[in-house]
Amino acid sequence: MSAATLTKIKEIEDEMARTQKNKATSGHLGLLKAKLAKLRRELLEDPAGGGGGGKGEGFDVKSTGIARVGLVGFPSVGKSTLLTKLTGTFSEAASYEFTTLTCVPGVIRYMGAKIQLLDLPGIIEGAKDGKGRGRQVIATARTCSLILIVLDVMKPMTHKALIEKELEGFGIRINKKPPNIVFRKKEKGGINFNNSATSGEITLETVKSILSEYKIHNADVYLKEEVSTDDLVDVVEMSEGKGRGVVYIPVLYVLNKIDQITKEELELVDKMENCCPICAQHEWNLDGLLERIWEKLNLKRIYTKPKGMMPDFEEPVVLPASKAKVEDFCMRIHKTLLNDLKFAQVWGLSAKHKPQRVGKEHILEDEDVVQIVKKI
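Note that the structure is a prediction, hence the values are computed from the model and not measured. (Residues numbered from 1 in each chain as written. Predicted model: local features only at pLDDT ≥ 70, side-chain atom pairs only at ≥ 80, totals over all residues. Heavy atoms only, no water.)

## With respect to the overall build of the protein chain
Here's step 1: From N to C terminus, the protein chain includes eleven helices and 16 strands.
Here's step 2: Taking all 376 residues of the protein chain together, 49% fall into the buried category.
Here's step 3: Look at the contacts in the protein chain between residues 6 or more apart in sequence, and 65% of them connect residues 24 or more apart.
Here's step 4: Carbon together with sulfur atoms contributes 51% to the accessible area of the protein chain, which is approximately 19200 Å² in total. (Helix = DSSP H or I, 4+ residues; strand = E, 2+ residues; numbered from the N terminus. Buried < 20%, exposed > 50% of the residue type's maximum accessible area, 1.4 Å probe, protein only. Contact = heavy atoms within 4.5 Å. Areas by Shrake-Rupley, 256 points an atom, 1.4 Å probe, with all protein chains shown as cover.)

Put into structure tokens, the structure is as follows:
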């Protein structure tokens, strides 16, 4: 099954490379992209899919802390050394390739938060197609809040593009937000399509070609912003509930071994977007890396204040910015606390006056102080 699927994928990729991109071919290209997405999903779900670890299941690592950060990169770029320096967890490191064969977890304690750091085995080209332990590596990477792509500055920068291709092939969208597309299947009425908010590059014909591959002939499709056919295929894949869909994960490029380059070369690589130059061996700029990790994770520290006492500034309750309501704060402390909540008193940036009396829907800001008042 796997070999046949790989052959079909190669044929479609070749056909896409041969096809000129214009309005006349957009429908055909859309159909090819939909076919490709389905074949990739089949490959990743195929239990017989080569040596890549079965159904693309990740390493069995218990999640700890508020967030999970994965170290991804080719073998011997310094991931194991970086894990050891940041967490104190020993991960076997050597100057030859393929040292780490399993997933090694460690914990960073920073800004009062516990952040899990995973040293994943070195990725190899073709991981998305089941080569090596690639599928296990990328399946675990999909569970991360942030991915650090570790690159050796002495190796070709083409490694960056190769790793991005492997991650994209496994449904990981790097430093992107979900596209603003309304997609609703319905019982009848055909395809109702609106692209008035765009330049019109995606046409009704393209949409029909993509949906026909999924045997969808009745649906509402509204493009709320400029999107690509790839974005549309992603949205359809997710709505179908097939496989694992796509995930949108922030990525930081960690450029390691800067001790081996000149100051002029360092100034050049430092201009790369979303990058952080370091030397793990000599512990250069590890504080700067931690700051970038914290910034990318977008977390908020909330301090508790028991009645009649000073706030606890030593052990904050750390919440993702996307889930930082008073109810999320209560649930983080204890599941039953929300049922006992009468109101909360808040001091800090989110409060209009100090203190402000708020309910469970109030959105907290970083370093707010909260006192919970329970029902009598």
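Let's pick the thread back up.
## Some details on helix α10 (residues 326–333)
Here's step 1: Taken together, the buried positions of α10 are Val326, Phe329 and Cys330. Looking straight down α10, one finds its buried side chains confined to an arc of 95°; they lie on one side.
Here's step 2: Packed against the buried residues of α10 are β12 (299–304), β13 (312–320), α11 (337–340), β14 (341–347), β15 (356–358) and β16 (369–374). (Arc of directions from axis to C-beta.)

## Things to note about the packing of helix α6 (residues 204–213) against helix α7 (residues 229–240)
Here's step 1: Contact geometry of α6 with α7 gives a least axis separation of 11 Å together with a crossing angle of 40°. What the angle tells us is that α6 and α7 run oblique. The handedness of the crossing between α6 and α7 comes out as right-handed. Together, Thr206, Val207, Ile210 and Leu211 of α6 and Thr229, Leu232, Val233 and Val236 of α7 make up the contact between the two elements. (Axes fitted to C-alpha atoms, helices over the stretch in contact; angles between N-to-C directions. Parallel < 35°, antiparallel > 145°, perpendicular 65-115°, else oblique. Left-handed = near helix turned anticlockwise from the far one by under 90°.)

## Considerations on the pairing of strand β7 (residues 191–194)
Here's step 1: Across the two faces of β7 the burial differs, with Ile191 and Phe193 buried and Asn192 and Asn194 not buried at all.
Here's step 2: Looking at chain direction, β7 and strand β8 (residues 219–223) are connected through four bridges and run parallel. Directly across from isoleucine 191, in β8, lies its bridge partner alanine 219.
Here's step 3: Between the parallel pair β7 and β8, the chain is carried across by α6, and the sense of this crossover is left-handed. (Pairing = 2+ DSSP bridges. Right-handed = clockwise from strand over helix to strand, strands pointing away.)

## A closer look at the sheet that holds strand β4 (residues 146–152)
Here's step 1: What the six strands build is an open sheet, ordered β2-β3-β1-β4-β10-β11; its pairing is mixed. Unpaired on one side and paired on the other, β2 (104–110) and β11 (275–277) mark the two borders of the sheet. Averaged over all adjacent pairs, the angle separating strand axes in this sheet is 25°, with direction ignored.
Here's step 2: Contacting β1 (67–72), β2, β3 (113–119), β4, β10 (251–256) and β11, helix α9 (residues 286–297) runs over the sheet at an angle of about 170° to β10.

## Remarks on a negative patch on the surface
Here's step 1: Among the surface-exposed residues, Glu264, Glu265, Glu267 and Asp270 lie close enough to one another that they form a single negatively charged patch.
Here's step 2: Position of glutamate 267 relative to the elements: it lies in helix α8 (residues 263–269). (Patch = residues over 30% accessible without salt bridge, like charges linked within 9 Å, V, L, I, M, F, W, Y side chains within 5 Å. Salt bridge = Lys/Arg side-chain N within 4 Å of Asp/Glu carboxyl O. Lys, Arg positive; Asp, Glu negative; His and termini not counted. Charge placed at Lys NZ, Arg CZ, Asp CG, Glu CD.)

## A word on the pattern of salt bridges
Here's step 1: Counting across every chain of the model gives 16 salt bridges.
Here's step 2: With its nearest N and O atoms 3.8 Å apart, the salt bridge here joins lysine 176 to glutamate 168.

## Things to note about the packing of aromatic side chains
Here's step 1: If you walk through the whole model with that rule in mind, you get two aromatic pairs.
Here's step 2: A centroid spacing of 6.0 Å and a plane angle of 65° characterise the contact between tyrosine 110 and tryptophan 294, whose relative ring orientation is edge-to-face. Of this pair, tyrosine 110 sits in strand β2 while tryptophan 294 sits in helix α9, and the two are 184 residues apart along the sequence. Neither tyrosine 110 nor tryptophan 294 differs from the other in exposure class; each is buried.
Here's step 3: Arranged with centres 4.9 Å apart and planes meeting at 70°, the rings of tyrosine 303 and phenylalanine 313 form a pair that is edge-to-face. (Phe/Tyr/Trp six-rings, centres within 6.5 Å; stacked < 30°, edge-to-face > 60°.)

## Here's the deal with the environment of valine 72
Here's step 1: Inspection of the secondary structure assignment puts valine 72 in strand β1.
Here's step 2: Its relative accessible area of 1% is what places valine 72 among the buried residues.
Here's step 3: Along the backbone, valine 72 and valine 254 are 182 residues apart, and their C-alpha atoms lie at a distance of 9.8 Å.

## What to know about the sheet that holds β7
Here's step 1: Read from one edge of the open sheet, three strands run β6-β8-β7, paired in mixed fashion. Of all strands in the sheet, those bounded by a partner on one side alone are β6 (181–185) and β7. Direction aside, neighbouring strands of the sheet carry axes that sit 5° apart on average.
Here's step 2: Against the sheet, α6 makes contact with β6, β7 and β8, and its axis sits at roughly 135° relative to β7, the strand it touches most.
Here's step 3: Where α7 meets the sheet, it contacts β6 and β8, and its direction lies at approximately 40° from that of β6.

## Structural notes on the nonpolar core
Here's step 1: The biggest cluster of nonpolar side chains holds 59 residues, and the ones touching the most others in it are Leu82, Ile147, Leu148 and Leu289.
Here's step 2: Non-local contacts of leucine 82, meaning those with residues more than four positions away in its chain, are made with Leu71, Val150, Val254, Ile278, Ala280, Leu286 and Leu289.
Here's step 3: Judged by nonpolar contacts, the second largest core, of 19 residues, contains Phe183, Ile216, Leu223 and Leu232. (Core = buried A, V, L, I, M, F, W, Y, C linked by side-chain atoms within 4.5 Å.)

## Notes on the state of the cysteines
By definition, a disulfide links the sulfur atoms of two cysteines through a covalent bond.
Here's step 1: Counting across every chain of the model gives zero disulfides.
Here's step 2: In this structure cysteine 276 is a free cysteine whose sulfur lies 7.1 Å from that of cysteine 275, the closest cysteine sulfur available. (Disulfide = S-S within 2.5 Å.)

## Observations concerning the pairing of β2
Here's step 1: By the alternation rule, side chains of β2 split into Val104, Gly106, Ile108 and Tyr110, which are all buried, and Pro105, Val107 and Arg109, of which none is buried.
Here's step 2: Bridging between β2 and β3 involves seven bridges; their strand directions are antiparallel. The residue bridging glycine 106 from the neighbouring strand is leucine 117, located in β3.
Here's step 3: Adjacent in sequence and paired antiparallel, β2 and β3 are bridged by two residues, among which methionine 111 carries a positive phi angle near 55°.

## Some points on the side chain of histidine 362
Here's step 1: Looking at where histidine 362 falls in the secondary structure, it is placed in the loop between β15 and β16.
Here's step 2: You can call histidine 362 buried: its relative accessible area is 15%.
Here's step 3: Beyond its immediate sequence surroundings of up to four residues, histidine 362 is in contact with Ala324, Lys325, Val326, Val346, Ser350 and Gln356.

Remember, this is a structural readout, not a statement about activity or role.
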